[in-house]
Structure formats: structure tokens, C-alpha cells
Amino acid sequence: MNLPASGRRVLVSGASRGLGRAVAQAFAANGDRVAVHFGSREEEARTTLASLAGTGHTLAGGDLANPVGAVAVVDAAAEALGGIDVLVNNAAVNIRHPLPETSYEEWVAVWQQHVSVNLLATANLSHLAAQRMIDQGGGGRIVNVGSRGAFRGEPDHPAYGATKAAVHALGQSLAVSLAPYGIGVASVAPGFFATERVAPRLDGPEGEAIRTQSPFGRVGSAEEIAAAVLWLASPAAEWSSGTILDLNGASHLRS
């Protein structure tokens, strides 16, 4: 298989801001061409697009909770880029819903939303992109963004923790299934990292407790997570296919 180290065609889901933006920027700086997916935040996605180094990047909008929307996103990305070599499954929802405080009706709705976006959209995008990689014949990479919460528990966000655990399992199943086609599949499991979405928590009363979860006394950065995603998508990382890479500053250790 001939997966290049740069000049690849990359689809990043949920790339309008935060980690998705950092991932898109990392691939663009590497010399790759990036399709920036957005659901509803088109203006922010255009800001991401404008920030990317190099040329040949594109936007790919669509509702990933709808299987038809996933098809539209992959089709748009592949048409604009001329194919897909790398898929980064980053799009996710994370809505607070501790069981003792959540009505049954809200509980059901929140779980359905998490499963639709965090798990099924990841599965659907993976199928669509992998089929294109197989047809192209040059191999490829799929990198899933999971979570430390899949291992340490998420008492206020149980659907998030459960769906991220499922994403990890999905990635390992696909790693075995797709290896004969030269397609490596891996996941990252970040701990708490700084983005504009969580800035109020880090700046508020709980900020110090969050930072002291790690013995480094800080939280991670989106750029640190993006650097790991970029490596897992590289030709050098083929033998890491199937891995779940912990990126949590020693805040949660497992073996």
C-alpha cells in the first residue's frame, strides 16, 4: 500500500472549532488537503478553513446524526479532494445528564442523541470512507477521538462515557477488518483539555480541581491531541493500528 506522508486527502468531522479545528490545522501544516466538516456552525467552519496553511481545502456541511447526511458529507469531501485517504472521527455531543437529576423523557432523548452522533455517525462515516479507501487501493487511516471517560466513568455524562467506550471498541474491530486493505484504525482517549467550550469551567471555581487531576498540574491542549492524531494517521503508525492512545497527563492510568 502506498499511503503518502503528506499531500493526503483528509476528512475531519466536527472541525468548526476546538479540537476539530486544531486537527485540521495540523494536517494542513503537514501538507495535506483537508475537508472541514460542520453541522450547524458554518461561520466558525469558514474561520477554520481560512486558518489552514496551503491550498485545496474545502468545507463539507451535513447532519451526521442522519445517515443520509453522512453520505452527503463524504461525497462532498471526496468530490472536492479527489478521494479520501484519512478520516478523523471527531464530531461528538456531550450533554450533562446525571441520572438522579434527569427526567426519564430527557434521559431517553439525551441517550438517543449521543448514540446517533457519537457512535452511529462514527460507524457510518467509517464505512463510507473505508469503502472509498478500498476502491482507491492505496490504503488509508481512520483515527477516532474517544475519551478518558470511557475508562474512568462519567457520572454526570454517562451516555458520553458509554458511547466513547463503544467508539474505542468499534475502532479495534475495524482495525482487524480493514488491515488486509492497508487501512490502519486507531483511537485517542483524551483527558480534559482546553477549548473555548470548556473555558468557563477552567476559569471558574472548579478550574483548579480540574487542573490537579494531572500530576503536571494542568490540562492538555487541543494542539497536543491533534499532534497525536496526526501521528496515528501517518505511514509510520501502521503497526499501531488497533491501539487506544491515552492522552491524559497521567490523570488516569490503566494497564
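Above this text sits the structure in question.
Now for a look at the structure at hand. (Residues numbered from 1 in each chain as written. Predicted model: local features only at pLDDT ≥ 70, side-chain atom pairs only at ≥ 80, totals over all residues. Heavy atoms only, no water.)

Quick look at the overall build of the protein chain
(1) Moving on: Helices and strands together make up the secondary structure of the protein chain, namely nine helices and nine strands.
(2) Moving on: The C-alpha radius of gyration computed for the protein chain amounts to 17 Å, which stays within 12% of the reference 18 Å derived for 255 residues, consistent with globular compactness.
(3) Moving on: Along the three orthogonal principal directions, the C-alpha set of the protein chain runs to about 50 × 40 × 35 Å.
(4) Moving on: Counting across all 255 residues of the protein chain, residues that qualify as buried make up 48%.
(5) Moving on: Partitioning the contacts of the protein chain with sequence separation of at least 6, the portion at a separation of at least 24 is 71%.
(6) Moving on: Of the accessible surface of the protein chain, which amounts to about 11400 Å², a share of 54% is contributed by carbon and sulfur atoms. (Helix = DSSP H or I, 4+ residues; strand = E, 2+ residues; numbered from the N terminus. Rg over C-alpha atoms; globule rule 2.2 N^0.38 Å. Buried < 20%, exposed > 50% of the residue type's maximum accessible area, 1.4 Å probe, protein only. Contact = heavy atoms within 4.5 Å. Areas by Shrake-Rupley, 256 points an atom, 1.4 Å probe, with all protein chains shown as cover.)

Some details on the side chain of T48
(1) Moving on: You can see T48 is positioned in helix α2 (residues 42-51).
(2) Moving on: Within the structure, the side chain of T48 is placed 2.7 Å from the side chain of R21, a separation counted as a polar contact.
(3) Moving on: Once you skip the residues sitting within four places of it in the chain, T48 turns out to touch A15, S16, R17, R21, A24 and V36. (Polar contact = N/O pair within 3.5 Å; in protein donor to acceptor, adjacent residues only side chain to side chain.)

What to know about helix α3 (residues 67-81)
(1) Moving on: For α3, with 15 residues, the first-to-last C-alpha span of 21 Å sits near the 21 Å given by 1.5 Å per residue.
(2) Moving on: All buried positions along α3 are accounted for by G69, A70, V73, V74, A77, A78 and L81. All buried residues of α3 fall inside an arc of 165° around its axis, so they share one side. Opposite its buried face, α3 presents the exposed residues V68 and E79, each directed more than 90 degrees away. (Expected span 1.5 Å × (residues − 1). Arc of directions from axis to C-beta.)

Comments concerning the nonpolar core
Nonpolar side chains tend toward joint burial in soluble globular proteins.
(1) Moving on: Ranked by internal contacts, the top residues of the largest apolar core, which has 31 residues, are V23, F27, V34, V36 and V88.
(2) Moving on: Aside from chain neighbours lying at most four places away, what touches V23 is V12, V88, A226 and V229.
(3) Moving on: Grouped together as the second largest cluster of nonpolar side chains are 25 residues, A60, A70, I84 and L125 included. (Core = buried A, V, L, I, M, F, W, Y, C linked by side-chain atoms within 4.5 Å.)

Quick look at the sheet that holds strand β3 (residues 58-61)
What links the strands of a sheet is backbone hydrogen bonding, and the strands pair in either a parallel or an antiparallel sense.
(1) Moving on: Strand order in the open sheet formed by seven strands is β3-β2-β1-β4-β5-β6-β9, and the pairing between neighbours is parallel. In the strand order of this sheet, the two ends are held by β3 and β9 (244-247), each with one partner. Across this sheet, the average inter-strand angle for adjacent strands is 20°, counted without regard to direction.
(2) Moving on: Pairing geometry for strand β6 (residues 183-190) and β9, over four bridges, is parallel. Across the sheet, the residue bridging to P190 is L247, located in β9.
(3) Moving on: Across the sheet, α2 is in contact with β2 (33-38) and β3; its angle to β2 comes to roughly 165°. (Pairing = 2+ DSSP bridges. Axes fitted to C-alpha atoms, helices over the stretch in contact; angles between N-to-C directions.)

Notes on the pattern of salt bridges
(1) Moving on: Going through the model one piece at a time under the given rule, you end up with 10 salt bridges.
(2) Moving on: One salt bridge connects E42 with R46, and the closest N-O pair in it is separated by 2.9 Å. Residue E42 and its partner R46 are both found in helix α2; the two are separated by four residues, about one turn of the helix.
(3) Moving on: Between E208 and R211 there is a salt bridge; the shortest N-O distance is 3.5 Å. Taken together, the positions of E208 and R211, both in helix α8 (residues 207-211) and three residues apart, correspond to about one turn of that helix.
(4) Moving on: For E208, a relative accessible area of 47% gives the class partly exposed.
(5) Moving on: In this structure R211 comes out as partly exposed when scored by relative accessible area, which is 25%. (Salt bridge = Lys/Arg side-chain N within 4 Å of Asp/Glu carboxyl O.)

Observations concerning unusual backbone geometry
(1) Moving on: Phi at A250 is positive, roughly 60°, even though this residue is not glycine.
(2) Moving on: Residue placement: A250 occurs in the segment after β9.

Some words on the packing of helix α1 (residues 18-29) against helix α9 (residues 222-232)
(1) Moving on: Running from amino to carboxyl end, α1 crosses α9 at an angle of 50°, the nearest separation of the two axes being 8 Å. Comparing the axis directions of α1 and α9 gives the class oblique. When you trace α1 past α9, the crossing you get is right-handed. Contact residues: α1 offers G18, L19, A22, V23, A26 and F27, while α9 offers A222, E223, I225, A226, V229 and L230. (Parallel < 35°, antiparallel > 145°, perpendicular 65-115°, else oblique. Left-handed = near helix turned anticlockwise from the far one by under 90°.)

With respect to the environment of A35
(1) Moving on: The residue A35 is located in strand β2 in this model.
(2) Moving on: C-alpha of A35 to C-alpha of L49: the two residues are 14 residues apart in sequence and 8.6 Å apart in space.
(3) Moving on: Residues contacting A35, with those up to four places away along its chain left out, are V10, L11, V12, T58, A77 and L81.

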